[in-house]
Amino acid sequence: MRTYTHPVAGELVTIHALETEADVATARAWLTRVQPRSLALDTETSGLDTFSPRHRLRTVQYGTADTAWVVPVERGPAFSELARTVVARCPELVIHNASFDLLVLDRHGIAALDDVWERVVDTKILAHLRDSRQDFEGGVGVSLKPLSAWFVDPSAPDTQAGLTAVFRSHGLTKADGFARIPYQDTTYQRYAGLDVIYTARLRPCLDRELAALAIPPTLVEYEHRLMAICARMERAGMLLDVPYTQGLADRLADQAAEHGARAARYGVDNINSTRQVAAALAAMGETLTETTASGALKVDKGVLLDLADLDGQWQPRGTRRGNPLAHAILHAKRAAKWRQSYALAMLDNRDAADRIHPKINTLGAKTARASVSDPPLQQLPSKGWEIRRCVVAEPGRSYFSVDQSSVELVVLAALSQEPRMCQAIRDGRNLHDFTATLMFGENFTKHERALAKIAGLGTSYQGGAATLAKQTGQPVELMRDTLARYARAYPGVKRWAQGLQRHALANGCEIRTPSGRRLVLDRDKLYKAVAYICQSTARDTMGQALLDLQDKGLTQYLTLWVHDEVLGTAPEREAAEVAAEVAETVRMTLFGVPIDTDAEVYGRTWAGGYGLPDQWAVAA
C-alpha cells in the first residue's frame, strides 16, 4: 500500500492507495475501528461514456475529512468486494455530482442505484441551491475545484487539470488519459484521494450556508429525488435504429459538402472563416453592424439566420429575401454539427444492446432548468424529424409524449395574478386569441395574433423591443408598439414585474421562487427577474410532476425529460391509456391557475410526431 500525506487547510491529511489483497484487510480493519456514519465517495473511470461496452470502472475511493482510501477495483474481486461493502453499509454517502457516480456503480455491479440513492447527499446539488452562478457571473460555480478553493482551502489543486498535465508525461492525451494512465502513478492516486477529502470537508460548509440562507430542506430533498428519477431514465436509455443512423451520417456528410460547395461559389472556401464570410456578404450588398469583442464583424448563427430570413426554429419568417450565402453556410454547418454531435456520437456511445443513454442534468442552468447532453437532444428544432428518427421504440411498443400547454404564459399569469389572463386560462380560452382580441380587437388578423404570441413570450422572458425585432425580423418600432399594447392589455403583469424588480433591489439583487429557490441577479440586469422566476418556476412544475409520476409508478415508461415535455414508450395497445394517465398526473394548478397538458402517441419512432415522411417509417 502506498500512503501519502498532503496539506489541506493547514492540516496534514492521509491518502492510502491499496495495491494488494493484504491492503484490503487493512482497509476493512479501519472501517471496523472507525465505523464512519458518513463517507465521501468518488470513482475514477475510463471515460464519461458510462454505458458503452468499452467503459471501465478503475477505482472507487472513499474517505472522511482527514483520511482517504483508493480502491483499485480493476485489480480483482477482493477490491470490488471492499467497494461493495462500503457502498452497501455506510449510512450516508456524500458525492459530488452523484448521478454520474451512482450510474457507474450500478453499471459495474458495485451497487444498484435504487439501493443507494436515498443515502446520498450530492454536494453539487447543495452548491447549486446556495448560489447557481458561475465565477464569471459573480458566484463560485458548482464544480468541486472552485468550491473547495472557496470553502475549504484556497490552495486546493484542480485535480482534472493536474492529471491532464500528467497524461502528457505518459504519452497520453486528454481523450485516452483516464483510461490508460497507470494506476501506480503518484499524481493519479493522490488526486483520487484528495477529491473525497475535499468533498467530505465541503459538505458541512454547504450545510451551514443553506441554513443561513434559509433554503428549505424540502427543496433539498426534492432535488435529490429528481436526480434519482432522471438517473433511472438515463440508465433505461433509448433504442437506436443503427442502420438508419449510419445512413443519416452519410447523408449529412453529403449535405455538408453540397452546401459548402454552394458557399464556395460566393467566394467562401472556409465556412468557419469569419473574415471570408463577412467579406463575401458585404460584396453581396449586406450591411453588417454587429462586432465581436475584438472588433471583427460578427457573422454568428443569429446574424446568419436573420440574413437567411429564418427564425430560431429555422422556419421562414417572410420578412425579406433570404440571402443564399447565409442559407448555404447555415445548412453546411448544421449538417456537419448534426453528423458529429448526433449521428456519430450516438453510434459511438451506444451500449451493447444498441441503446443510447442521454445524460439529464437536472440543474443544467442558473434557473435550474434541466439540460440534456450526449447527445444534446433539447437543442433539436421543434419541427425536425431527421435526428429524432434515429430513436425507435422496442418491437411491440410505441413512443408517446406529454407536455405542459403554454406553461411559460400560464406561469406568468399565476405569478403575476393578472386577473384577465388568469380568468382566460381558467375558462379554457386560447390565450393567444384572447390576447390578440385585447390588443387589436375582435377582428384581429393572423399577423396580429402572431404579434400577440410574440409579446406574451417576450414578456415572460423579458425580451425587449430590440431583441424581439432581431429574433422576428420585424421593425423595432412595431415590436415597441406590440409590447406597449400587451402591457395595456395586461396591466397586472407590468405592475408585478416592477414590484419584483424593486424587491430584488431591496434584497441584494436576490429573488425567491415559490419553491424557495434562491436566484441572484446582476444589479444592472434586474429586468431579468421576470424571466428567471418564470423559467425556474416552470421547471419546478415539471419537476414536481416527475415526482408525482414516480409515486404512481409511471416513470417506468419514461425515457427523457426535455424542458416542458416528457417522452416515453409503452406497449402499443396501452400507449394511449398510459399517455393519458401521464398527462392527467402532469396536469396541475399553480396559485389557482390550471396548467393543462397535451398527450400524443407517435408510434414506433420519436419522429412520428414531427412530420415523418412515409418513406422513412419504421419497418414492422
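Residues numbered from 1 in each chain as written. Predicted model: local features only at pLDDT ≥ 70, side-chain atom pairs only at ≥ 80, totals over all residues. Heavy atoms only, no water.

**Things to note about the overall build of the chain**
Reasoning step 1: A tally of helices and strands in the chain yields 23 helices and 20 strands.
Reasoning step 2: If you line up the chain on its principal axes, its C-alpha atoms span 85 × 60 × 55 Å.
Reasoning step 3: For the chain, the proportion of its 620 residues judged to be buried stands at 54%.
Reasoning step 4: Long-range pairs, those at least 24 residues apart, make up 67% of the contacts in the chain with a sequence separation of at least 6.
Reasoning step 5: Of the roughly 26600 Å² that the chain leaves accessible, carbon and sulfur atoms contribute 49%.
Reasoning step 6: Charge centroids of the chain, computed over 72 positive and 73 negative side chains, lie 4 Å from each other. (Helix = DSSP H or I, 4+ residues; strand = E, 2+ residues; numbered from the N terminus. Buried < 20%, exposed > 50% of the residue type's maximum accessible area, 1.4 Å probe, protein only. Contact = heavy atoms within 4.5 Å. Areas by Shrake-Rupley, 256 points an atom, 1.4 Å probe, with all protein chains shown as cover. Lys, Arg positive; Asp, Glu negative; His and termini not counted. Charge placed at Lys NZ, Arg CZ, Asp CG, Glu CD.)

**Remarks on the pairing of strand β13 (residues 397-404)**
Along any regular strand, the residues point their side chains to alternate faces of the sheet.
Reasoning step 1: Buried residues dominate β13, accounting for six of its eight residues.
Reasoning step 2: Sheet analysis places β13 next to strand β17 (residues 565-571), joined by seven bridges and oriented antiparallel. In the strand pairing of β17, D403 is matched with E565.
Reasoning step 3: As paired strands, β13 and strand β20 (residues 597-603) are joined by six bridges and run antiparallel to one another. For S401, the partnering residue across the bridge sits in β20 and is E600. (Pairing = 2+ DSSP bridges.)

**As for the sheet that holds strand β1 (residues 2-8)**
Reasoning step 1: With respect to topology, seven strands assemble into an open sheet ordered β1-β2-β5-β4-β3-β6-β7, the strand pairing being mixed. Since the sheet does not close on itself, it has two edges, and those belong to β1 and β7 (120-122), each with one partner. Averaged over all neighbouring strand pairs, the angle between strand axes comes to 25 degrees, with direction disregarded.
Reasoning step 2: Packed on one face of the sheet, helix α1 (residues 21-34) meets β3 (38-45), β4 (57-63) and β5 (67-71) and runs near 140 degrees to β5. (Axes fitted to C-alpha atoms, helices over the stretch in contact; angles between N-to-C directions.)

**Section: the side chain of H224**
Reasoning step 1: With respect to the secondary-structure elements, H224 resides in helix α10 (residues 217-236).
Reasoning step 2: For H224, a relative accessible area of 7% puts it in the buried group.

**Here we look at the sheet that holds β20**
Reasoning step 1: Read from one edge to the other, the open sheet built from four strands follows the order β16-β17-β13-β20, with strand pairing classed as antiparallel. The open sheet has two edge strands with one neighbour each: β16 (558-562) and β20. The mean angle between the axes of side-by-side strands here comes to 20 degrees, regardless of whether they run parallel or antiparallel.

**Thoughts on the nonpolar core**
Reasoning step 1: Among the nonpolar cores identified, the biggest contains 188 residues, and Y62, W561 and W606 are the most heavily contacted of them.
Reasoning step 2: The leading source of residues in this core is helix α9 (residues 186-212), at 12 residues.
Reasoning step 3: Ignoring anything within four residues of it in the chain, the contact list for W606 reads M238, L377, L380, R388, V391, Y399, L560 and L567.
Reasoning step 4: If you look at the next biggest cluster of nonpolar residues, it comprises 22 residues, including V268, L281, I329 and A332. (Core = buried A, V, L, I, M, F, W, Y, C linked by side-chain atoms within 4.5 Å.)

**A short note on the packing of aromatic side chains**
Reasoning step 1: The final tally for this structure, using the stated rule, is six aromatic pairs.
Reasoning step 2: Plain terms: the ring middles of Y244 and W616 are 5.5 Å apart, the flat faces sit at 80 degrees to each other, and that makes the pair edge-to-face. Taken together, the positions of Y244 in helix α11 (residues 242-264) and W616 in the segment after β20 put the pair 372 residues apart, joining distant regions of the chain.
Reasoning step 3: Considering the side-chain rings of W385 and W616, the 6.3 Å spacing of their centres and the 35 degrees angle between planes classify their relative orientation as tilted. Within this pair, whereas W385 is found in the loop between β11 (371-373) and β12 (391-392), its partner W616 is found in the segment after β20, the two being separated by 231 residues in sequence.
Reasoning step 4: Given the relative accessible area of 16%, W385 is considered buried.
Reasoning step 5: By the ring-pair criterion, three or more aromatic residues cluster together here, those being Y244, W385 and W616.
Reasoning step 6: Over the ring of W606 we find R388, and its NZ or CZ is 5.1 Å from the ring centre.
Reasoning step 7: For R388, the ring lying beneath its charged end belongs to Y610, and the centroid distance is 3.9 Å. (Phe/Tyr/Trp six-rings, centres within 6.5 Å; stacked < 30°, edge-to-face > 60°. Lys NZ or Arg CZ within 6 Å of the ring centre and 35° of its normal.)

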